[in-house]
Amino acid sequence: MRERTLDRVRKLLAKAERTDNEHERATFMAAASALMAKYGIDALPPAGTRQTPGDRVVTLPNPWAREKARLVSLVAQALRCRPLLIGRGDGGQRVHVFGFAADLERADLLATSLLLQMASGLARVRVPADVAAVRAYRRSWLLGFTDEVYRLLCEAESRAESESAGTGAALVLADRRAEVDRAVAAHYPSIRMSVPRTSGTGYRDGVAAGRRADLGRTGMTTATAGEISR
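Residues numbered from 1 in each chain as written. Predicted model: local features only at pLDDT ≥ 70, side-chain atom pairs only at ≥ 80, totals over all residues. Heavy atoms only, no water.

(A) Here's a closer look at the pairing of strand E3 (residues 92-99). Most of E3 is tucked away: seven of the eight residues are buried. The pairing of strand E1 (residues 54-61) with E3 spans eight bridges and is classified as antiparallel. From the neighbouring strand, Val58 faces E3, where its bridge partner is Val95. Relative to E3, strand E2 (residues 82-89) runs antiparallel, the two sharing seven bridges. For Arg82, the partnering residue across the bridge sits in E3 and is Phe98. Counting the residues that bridge the hairpin from E2 to E3 gives two residues, and of these Asp90 lies at a positive phi of roughly 55°. (Buried < 20%, exposed > 50% of the residue type's maximum accessible area, 1.4 Å probe, protein only. Helix = DSSP H or I, 4+ residues; strand = E, 2+ residues; numbered from the N terminus. Pairing = 2+ DSSP bridges.)

(B) Representation of the side chain of Glu67 within the structure. Structurally, Glu67 is set in helix H3 (residues 65-78). Leave out the neighbours within four places in its chain, and Glu67 touches Met118, Arg139, Leu142 and Leu143. (Contact = heavy atoms within 4.5 Å.)

(C) Geometry of unusual backbone geometry. Cis geometry marks the peptide bond from Asn62 to Pro63; its omega dihedral reads 0°. For Pro63, the location among the structural elements is in the loop between E1 and H3. Positive phi is not limited to glycine here, since Trp64 has a value of about 60°. Tracing the chain through its elements places Trp64 in the loop between E1 and H3. At Arg80, a residue that is not glycine, the phi angle is positive and equals roughly 70°. Taking relative accessible area as the criterion, Arg80 reaches 11% and is therefore assigned buried.

(D) Region of interest: helix H6 (residues 169-187). For H6, which comprises 19 residues, the first-to-last C-alpha distance of 27 Å matches the rise-based estimate of 27 Å (1.5 Å per residue) to within 8%. Within H6, burial applies to Ala169, Val172, Leu173, Arg176, Glu179, Val180, Ala183 and Val184. Looking straight down H6, one finds its buried side chains confined to an arc of 135°; they lie on one side. In H6, the exposed positions angled more than 90 degrees off the buried face are occupied by Ala170, Leu171, Asp175 and Ala186. (Expected span 1.5 Å × (residues − 1). Arc of directions from axis to C-beta.)

(E) Quick peek at the confidence of the model for the protein chain. Summarising the model, the protein chain shows a mean pLDDT of 79, and 76% of its residues fall at 70 or more. With pLDDT under 50 throughout, residues 216-230 is counted as low confidence; its partners more than four residues away or in other chains account for 42 contacts. (pLDDT = per-residue confidence, 0-100.)

(F) Expanded view of the packing of aromatic side chains. Enumeration according to the criterion identifies two aromatic pairs in this entry. Between Phe98 and Tyr188, the aromatic rings sit 6.2 Å apart at their centres with planes inclined by 90°, giving edge-to-face as the arrangement. Of this pair, Phe98 sits in strand E3 while Tyr188 sits in the loop between H6 and helix H7 (200-211), and the two are 90 residues apart along the sequence. Taking the relative accessible area as the measure of exposure, Tyr188 reaches 23% and is therefore partly exposed. With centroids separated by 5.6 Å and ring planes inclined at 20°, the aromatic side chains of Trp141 and Phe145 adopt a geometry described as stacked. Of this pair, Trp141 and Phe145 both sit in helix H5 (residues 134-163), separated by four residues, roughly a single helical turn. When its relative accessible area of 3% is taken as the criterion, Trp141 is described as buried. By relative accessible area, which is 2% here, Phe145 ends up buried. Taking the ring centre of Trp64 as reference, the NZ or CZ of Arg135 above it sits at 4.0 Å. (Phe/Tyr/Trp six-rings, centres within 6.5 Å; stacked < 30°, edge-to-face > 60°. Lys NZ or Arg CZ within 6 Å of the ring centre and 35° of its normal.)

Quick look at the structure:
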């Protein structure tokens, strides 16, 4: 059943990739993100089943390595994983993501796709003539795109959890969150939070672009993270 759900997601997103109609694209995107959230619920084991969280380190290359790392982090967080930005290394910014296998799979699929979509969107951005700090505008656009994608993913996940009420999924999810938190604490006893700064117009334009993003496009590789131009 879970594989059938993923197959339906891929087909919806293939349609989204082929259309130039923004309304059709948004419709396919909404359906795909909802099915991806449903997949996350369907993949839950029965209550009482013992599983161990996994983890992986993702390296995001320059340019815009930190902004890419933030996108990967927030996508992972929306999909019930715990990401930590662990700084520079291996030629880019590194994110250490903790979570259960199905959620790590979902996060990898969506983040890989969204990195390419963010690159394509930024390449099409026309910076307003009255903007003096072009790089600051582009950075705030990236942050706005990421925040809106995060909001949309969280909504889809929340709906899927609500629709599973009465199945025992809430208890399983709570247990799994606690397990992931324990795995993170074992690796990183002290965690420092940071909040990126933004500038107005670029951020708003990025939010608008994120709202149109296809939240589950497939067929990309992690190499696409390097395609965002300065």
